[in-house]
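# Close look at the chain arrangement
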Amino acid sequence: MPTRSPARLVVALAVAAVLAVFLIYQAVANSSTPTVTPSQIGHQSGKLAVVGTVVGPVTGDAHSAAGMRFALADPNDAKPVRVLVDYHGDDPPPLFQPGRSVVVTGTFARGRLSGTGIITKCPSKYTTSAPKA
Amino acid sequence: MADLGRAALVVTLGLALYALVAGGYAAHTNRRRLADSARNALVCAFGSTLVAALVLLAALARHDFSFQYVAAHTNRTLSTGYALSALWAGQEGSLLLWLLILTGYGALAVFVNRTLLRDLVAWVVPVLGGVASFFAFVLVAVASPFKTQVPPVDGAGLTASLQNPYMVAHPPMLYLGYVGLAVPFAFAAGALLSGRTDERWIVATRRWTLAAWTFLGFGQILGAHWAYVEVGWGGYYAWDPVENAALMPWLAATAFLHSVMIQERKGMLKVWNVVLVALAFELSVFGTFLTRSDVVNSIHSFAKSPIGGWFLAFVVISSLFSLALILLRLPLLKARTKLESALSREATFLYNNLLLVALCLTVLWGVLFPVLTQLVKGETRTIGRPYYDFFLRAFGLPLLLLMGIGPLIAWRRTSVRALLRTLAWPIGVSVVCGAALVLAGAGSSRPGLIAYTFSAFVLATIVVEVVRGTRAVGSVFTLVARNRRRYGGYVVHAAVVLLAIGIAGSSAYGRSTEQRLLPGQTMRFDGYRLTYRGVTRVNTPQALETRAHLDVSGRWNGSIATGTNDYKFPPEPNKKVAIETDWLRGEDLYVIADIRNSGAVYFTVLVKPLVNLIWLAGIVFVLGSLVAMWPDAREQRRLVTRLAPARASA
Amino acid sequence: MTAAGVVLGVVLAAAVVVVVALPFLRDPAPADDRLDAPTPAEEQRLALAEERDRALGALKELEFDHRTGKITDEDYRRDVGPLRQRAAAALRRIGEPSDAVPEPRSDREERDVTDAQPVPEPAPPPDEGTPPTPAPVPEPYPPPDEITIPSPTPPQE
């Protein structure tokens with residue numbers, strides 16, 4: 001009686017192993033972060049990534065105990081909600097300034113976001129700037 | 001002249017639609033002259049797109065601000081080189097470049113294969129015509145680069161971070177890769193549409209796929225290098241969705257390049273290969289959709305663009321078309337032979353494919369996760385770096401190992417005894433290397449140590465292969481000349497090893513610190529002494545250049561300056577980091593300064609071991625690909641003999 | 001648009017029309033307007049050619065793998081016979097001269113195998129060149145299809 005090649009079984013087991021690695025990781029690790037705008041925070045607390053526009057004045061120093069302070073508004077100021085941010089960490093990127101769109105990651109508690117990371121967005125390549133007069 | 005550009009694009013759209021409709025009809029009804037006419041239309045589409053591109057380039061060179069695009073992306077102080085590179089600096093221009101490359105590739109592919117593969121080309125033309133029609137439509141109706149206005153006094157200028165040689169080269173390289181994947185896709189679709197079961201489409205597109213894959217890979221290395229030297233955060237890859245958009249089709253194409261060898265030799269994996277080539281193409285268009293919509297948060301993407309929806313529709317329609325075609329032709333795609341052994345080169349190629357596709361889909365899951373959570377749960381959740389790092393190790397390290405085992409394992413089947421005998425030297429070398437690395441202190445990072453050890457293993461197998469092959473054949477030159485694909489592939493493997501060592505070294509063994517210094521103060525870190533001397537400010541026509549100056553001694557002696565450039569047109573600050581490379585130790589001293597008005601400066605100092613191997617890997621990668629792609633006259637003659645129509649016997 | 005632009009546009013449009021219509025202009029009334037699609041016979045020939053190249057390629061790879069030590073002498077001896085037979089069969093099916101390659105011996109009948117010619121160096125697979133004369137491989141006994149079997153004695157009447 002011809003014996004079946006074990007090759008298919010081994011390949012099937014390899015596929016199963018790859019899937020198992022993925023599923024186990026997804027089940028065990030909790031590496032996703034809610035990404036919200038200031039108006040979407042609501043009653044959430046804990047680790048968040050907040051997308052918004054920087055509202056000045058920007059005061060303080062990211063390296064000091066008090067940290068750097070600013071506020072975030074909804075993108076395009078869709079809703080008149082502000083979130084106060086106390087940022088401690090690496091220097092913000094050079095493009096960081098009032099009016100710039102940013103993503104601040106940190107922990108939200110008692111109405112304030114304790115930020116630990118800032119990403120600013122590159123100036124848009126894919127929308128046309130208004131021409132100068 | 002804008003009218004000429006507009007008219008040229010309308011002509012391109014018309015020609016592409018003709019290639020699609022007439023070409024499809026001709027292929028279906030077997031009409032030679034109509035098929036040739038459709039092929040000519042595709043070639044002419046390249047010509048008319050070239051006219052459009054030249055019109056825009058001329059406007060950029062002349063600073064013709066009556067073109068809205070020129071005013072938005074250049075100004076009078078911009079040099080001619082950067083002004084011309086603004087062709088791909090914005091939405092409309094980059095789409096025009098995409099269409100130019102697509103029609104150029106398409107014209108060349110159908111022209112080169114017009115005689116030997118006439119029947120197949122007849123089906124390829126409408127597929128390429130369909131893709132070109134979409135891009136031409138977007139340029140004509142949605143995002144035209146030829147919108148005009150009353151010319152302003154000056155333009156808005158080019159973003160400062162894009163005024164960099166690497167950023168000039170990075171988009172064209174990527175596009176040559178992305179768009180190049182359309183050619184093997186079109187040939188695969190053409191083969192399925194024509195109902196042929198032979199491997200002609202693979203043979204015809206082998207070098208196209210390799211070239212596109214090389215451009216895509218090298219383009220990513222260029223982008224990583226730009227991020228490292230220009231963006232100034234100390235890293236080179238952030239797992240940003242737009243970066244991942246280039247990585248995913250590259251991974252799918254890598255899997256395809258390997259599995260296609262099995263189909264050529266064994267007649268197996270036919271379904272898998274057409275799925276892979278379709279996946280690579282769809283992911284390349286999907287990547288364009290990601291960069292031009294605001295679907296996912298990225299440092300690269302911004303305000304919503306009107307073309308996002310169109311691209312999504314195209315991806316959906318073309319994916320459904322590919323799926324339907326594959327399902328319809330499934331009976332033709334039956335394998336001729338079976339996998340004989342789990343311990344064979346075919347099997348290792350299969351395992352490698354599984355890991356590559358798994359990594360690709362893992363990255364895709366991470367990119368789409370925010371969209372999916374929003375759709376399913378109503379809240380957006382993003383996945384961070386730890387997710388990607390985990391799977392890069394989980395799938396990448398076994399891939400590295402397979403890269404070493406695969407070349408030394410025989411086709412069809414190998415016994416365990418034979419395999420162990422062949423791997424004895426590489427295993428020995430890697431064990432010795434691993435032990436030496438542990439003694440040298442590399443045991444502080446387990447993934448780093450594993451990556452280094454596996455890299456030593458792969459390098460040793462490559463050396464064993466070359467030495468044994470040379471002994472069997474007589475000279476290494478003859479060996480490589482007669483087996484270009486195989487040994488070019490080994491050079492590419494060596495490049496991947498360099499990449500792995502560079503990534504492991506700079507990430508797993510990198511060190512950093514941060515300190516605030518006043519003028520005259522010194523910081524010590526990792527064998528370096530850095531003394532802050534003071535700040536200088538130089539006002540140039542383009543920017544205010546602020547630099548903090550440091551004297552460095554210890555492991556390297558010299559002076560460095562780091563700070564920011566505050567550009568004037570457009571107004572935008574840009575970090576200027578200081579990078580000093582110690583070629584003997586193979587490490588970079590990387591210093592970032594945050595200069596305060598008080599005179600104090602916060603210095604972030606990073607030591608990045610072996611990071612320059614990543615850039616060297618890019619060069620080796622291209623060399624290996626060139627060897628693999630190099631034409632072989634003997635092979636060509638053999639293919640012509642195989643593909644030429646049989647002569648009627650006397 | 002400037003006058004030059006208009007002229008250029010007209011010239012380009014005319015050129016496009018001519019090039020696209022060229023197949024019809026060159027051959028307004030062809031005897032046969034069918035695409036050169038492969039006939040079933042040609043498709044068959046192509047399939048056989050691919051099979052031939054695969055068979056010869058597999059043989060070439062086996063020998064190269066053996067020469068470079070990836071497979072043992074036993075595995076080589078086990079596999080080379082069937083692969084040579086497969087290659088010979090592929091050459092025969094496509095109609096190429098294969099008189100130097102002995103017919104595969106079936107399980108049911110004995111055939112005369114006399115002083116079989118050495119198997120010619122197979123044509124290289126699509127992506128590998130012709131190897132030089134291989135280094136001698138130590139074999140305790142020759143592979144099955146090179147055994148010299150004396151002609152059978154005619155049966156006594």
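Residues numbered from 1 in each chain as written. Chains lettered and ligands numbered in written order. Predicted model: local features only at pLDDT ≥ 70, side-chain atom pairs only at ≥ 80, totals over all residues.

This next bit is on the overall build of chain A. Secondary structure summary: chain A contains one helix and six strands in total. Mapped in sequence order, the helices and strands of chain A form the string α-β-β-β-β-β-β. Out of the 133 residues in chain A, the part that is buried amounts to 29%. Looking at chain A alone, contacts between residues at least 24 apart form 48% of all its contacts between residues at least 6 apart. (Helix = DSSP H or I, 4+ residues; strand = E, 2+ residues; numbered from the N terminus. Buried ≥ 20, exposed ≤ 12 C-beta atoms within 10 Å, placed from the backbone. Contact = placed C-beta atoms within 7 Å.)

Check the secondary structure of chain C and you find three helices and zero strands. Ordered by position from the N terminus, the helices and strands of chain C form the series α-α-α. Burial status across chain C gives 29% buried among its 157 residues. Relative to all contacts within chain C whose residues are 6 or more apart in sequence, the contacts with residues 24 or more apart total 67%.

What follows deals with the interface of chain C and chain B. Contact residues are listed per partner, giving 50 residues for chain C and 51 residues for chain B. Secondary structure elements with two or more residues in the side of chain C that touches chain B: helix 1 (3–26), helix 2 (40–67) and helix 3 (73–94) of chain C. Counting residues per element, the side of chain C that touches chain B draws most heavily on helix 2 of chain C, at 14 residues. Residue composition of the side of chain C that touches chain B, by class: 25 nonpolar, eight polar and 17 charged. (Nonpolar A, V, L, I, M, F, W, Y, C, P; charged D, E, K, R; others polar.)

Moving on: the pairing of strand 10 (residues 601–609) of chain B. Two faces, one strand: in a regular strand the side chains alternate between the faces of the sheet. Residues and elements named next belong to chain B. Burial analysis of strand 10 places eight of its nine residues in the buried class, which makes it a mostly covered element. Here strand 2 (residues 511–517) runs beside strand 10; their pairing, made up of seven bridges, is antiparallel. Bridged to Leu 517 within strand 10 is Val 601. Sheet topology places strand 9 (residues 587–595) next to strand 10; nine bridges connect them, and they run antiparallel. What sits directly across from Asp 594, in strand 10, is Tyr 602. (Pairing = 2+ DSSP bridges.)

Residues and elements named next belong to chain B. Taken in spatial order, the five strands make up an open sheet running 3-4-5-6-7, and their pairing is antiparallel. Bordering the open sheet on either side are strand 3 (522–525) and strand 7 (571–576), each of which pairs with just one other strand. Pairwise comparison of adjacent strand axes, ignoring direction, gives a mean angle of 25° for this sheet. (Axes fitted to C-alpha atoms, helices over the stretch in contact; angles between N-to-C directions.)

Residue and element names in this part refer to chain B. Judged from the ten bridges that link them, strand 5 (residues 543–554) and strand 6 (residues 558–568) form a sheet pairing that is antiparallel. The partner of Asp 551 across the bridge, within strand 6, is Ser 559. Two successive antiparallel strands, strand 5 and strand 6, enclose a turn made up of three residues. Looking at chain direction, strand 6 and strand 7 are connected through six bridges and run antiparallel. Bridging across to strand 7, Gly 563 finds its partner in Lys 576. Linking strand 6 back to strand 7 in an antiparallel pair, the connection comprises two residues.

A few words now on the nonpolar core. Core analysis: the largest hydrophobic core is formed by 232 residues, its most contacted members being Ala19(B), Phe135(B), Ala182(B) and Ala252(B). Ignoring sequence-local partners within four residues, the contact set of Ala19(B) consists of Ala38(B), Ala41(B), Leu42(B), Ala45(B), Val125(B), Pro126(B) and Gly129(B). Counting 23 residues, the second-largest nonpolar core is a separate cluster that includes Leu48(A), Val50(A), Val103(A) and Ile118(A). (Core = buried A, V, L, I, M, F, W, Y, C linked by C-beta atoms within 7 Å.)

Right, let's get into the confidence of the model for chain C. All names here are of chain C. With 60% of its residues at a pLDDT of 70 or more, chain C has an overall mean of 67. Ranking the elements of chain C by mean pLDDT puts helix 2 last with 84 and helix 1 first with 88. Contacts from residues 99–157, a stretch scored under 50 in pLDDT, to residues over four places away or in other chains number 67 contacts. Across the interfaces of the predicted complex, the ipTM metric reaches 0.78, alongside a pTM of 0.87. (pLDDT = per-residue confidence, 0-100.)

The subject of this paragraph is the sheet that holds strand 8 (residues 578–582) of chain B. All names here are of chain B. In spatial order, the strands read 2-10-9-8; together these four strands make up an open sheet with antiparallel pairing. Of all strands in the sheet, those bounded by a partner on one side alone are strand 2 and strand 8. On average, each strand axis in the sheet is tilted by 15° relative to the strand beside it, whichever way the strands run.

Mapped onto the elements, Gly434(B) comes out in helix 15 (residues 416–439). Its 19 C-beta neighbours within 10 Å are what place Gly434(B) among the partly exposed residues.

The next point concerns the environment of Arg112(A). Residue and element names in this part refer to chain A. Tracing the sequence through the fold places Arg 112 in strand 6 (residues 112–120). Its 14 C-beta neighbours within 10 Å are what place Arg 112 among the partly exposed residues. Residues Arg 112 and Pro 94, 18 residues apart in the sequence, show an inter-C-alpha distance of 24 Å. What Arg 112 contacts, discounting residues up to four positions off in sequence, is Leu 84 and Asp 86.

Residues and elements named next belong to chain B. Interhelical geometry of helix 6 (residues 118–142) versus helix 8 (residues 182–194) gives an angle of 125° and a closest axis separation of 8 Å. Viewed along their axes, helix 6 and helix 8 adopt a mutual orientation that is oblique. In the packing of helix 6 onto helix 8, the handedness of the crossing is right-handed. Of the residues in helix 8, those touching helix 6 at Asp 119, Leu 120, Trp 123, Val 124, Val 127, Leu 128 and Val 131 are Ala 182, Ala 186, Phe 187, Ala 189, Gly 190, Ala 191, Leu 193 and Ser 194. Its residues placed into classes, the contact of helix 6 with helix 8 shows twelve nonpolar, two polar and one charged. (Parallel < 35°, antiparallel > 145°, perpendicular 65-115°, else oblique. Left-handed = near helix turned anticlockwise from the far one by under 90°.)

A word on the confidence of the model for chain A. When pLDDT is averaged along chain A, the result is 78; 80% of the residues meet or exceed 70. Confidence drops under a pLDDT of 50 for residues 124–133 of chain A, and excluding neighbours within four residues, the segment shows 27 contacts in the predicted structure.

This part takes up unusual backbone geometry. Residues and elements named next belong to chain A. In the segment running from Gly 56 into Pro 57, the intervening peptide bond is cis, with an omega of 0°. Tracing the backbone shows Pro 57 in strand 2 (residues 46–60). Notably, Arg 110 is not glycine yet its phi reads approximately 50°, a positive angle. Turning to its location among the elements, Arg 110 is positioned in the loop between strand 5 (101–109) and strand 6.

Following the sequence through the fold, Phe111(B) ends up in helix 5 (residues 91–112). By C-beta crowding, Phe111(B) is classed as partly exposed, having 15 other C-beta atoms within 10 Å.

It is worth spelling out the packing of helix 2 (residues 32–61) of chain B against helix 6 of chain B at this point. All names here are of chain B. Between helix 2 and helix 6, whose axes approach to 9 Å, the crossing angle comes to 40°. In terms of orientation, helix 2 and helix 6 fall into the oblique class. For the crossing formed where helix 2 meets helix 6, the hand is left-handed. In contact with Ala 35, Ala 38, Arg 39, Leu 42 and Ala 45 of helix 2, helix 6 contributes Val 121, Ala 122, Val 125, Pro 126, Leu 128, Gly 129 and Ala 132. Partitioned by chemical class, the residues of the contact of helix 2 with helix 6 number ten nonpolar, one polar and one charged.

Its 23 residues give helix 11 (residues 270–292) of chain B an end-to-end C-alpha distance of 34 Å, which sits within 8% of 33 Å, the value for a rise of 1.5 Å per residue. Most of helix 11 of chain B sits out of view: 22 of its 23 residues are buried. (Expected span 1.5 Å × (residues − 1).)

Attention shifts here to helix 1 of chain C. Here helix 1 of chain C contains 24 residues, and its C-alpha end-to-end distance of 33 Å stays within 8% of the 34 Å for a straight helix at 1.5 Å per residue. Where helix 1 of chain C bends most, the angle comes to about 45°, and this point is Val20(C), followed within four residues by the proline Pro23(C). Within helix 1 of chain C, the full set of buried residues consists of Val16(C), Val20(C) and Pro23(C). Those residues of helix 1 of chain C that are buried are in contact with helix 1 (2–29) and helix 2 of chain B. (Bend = angle between axes of the 7 residues up to and from the residue.)

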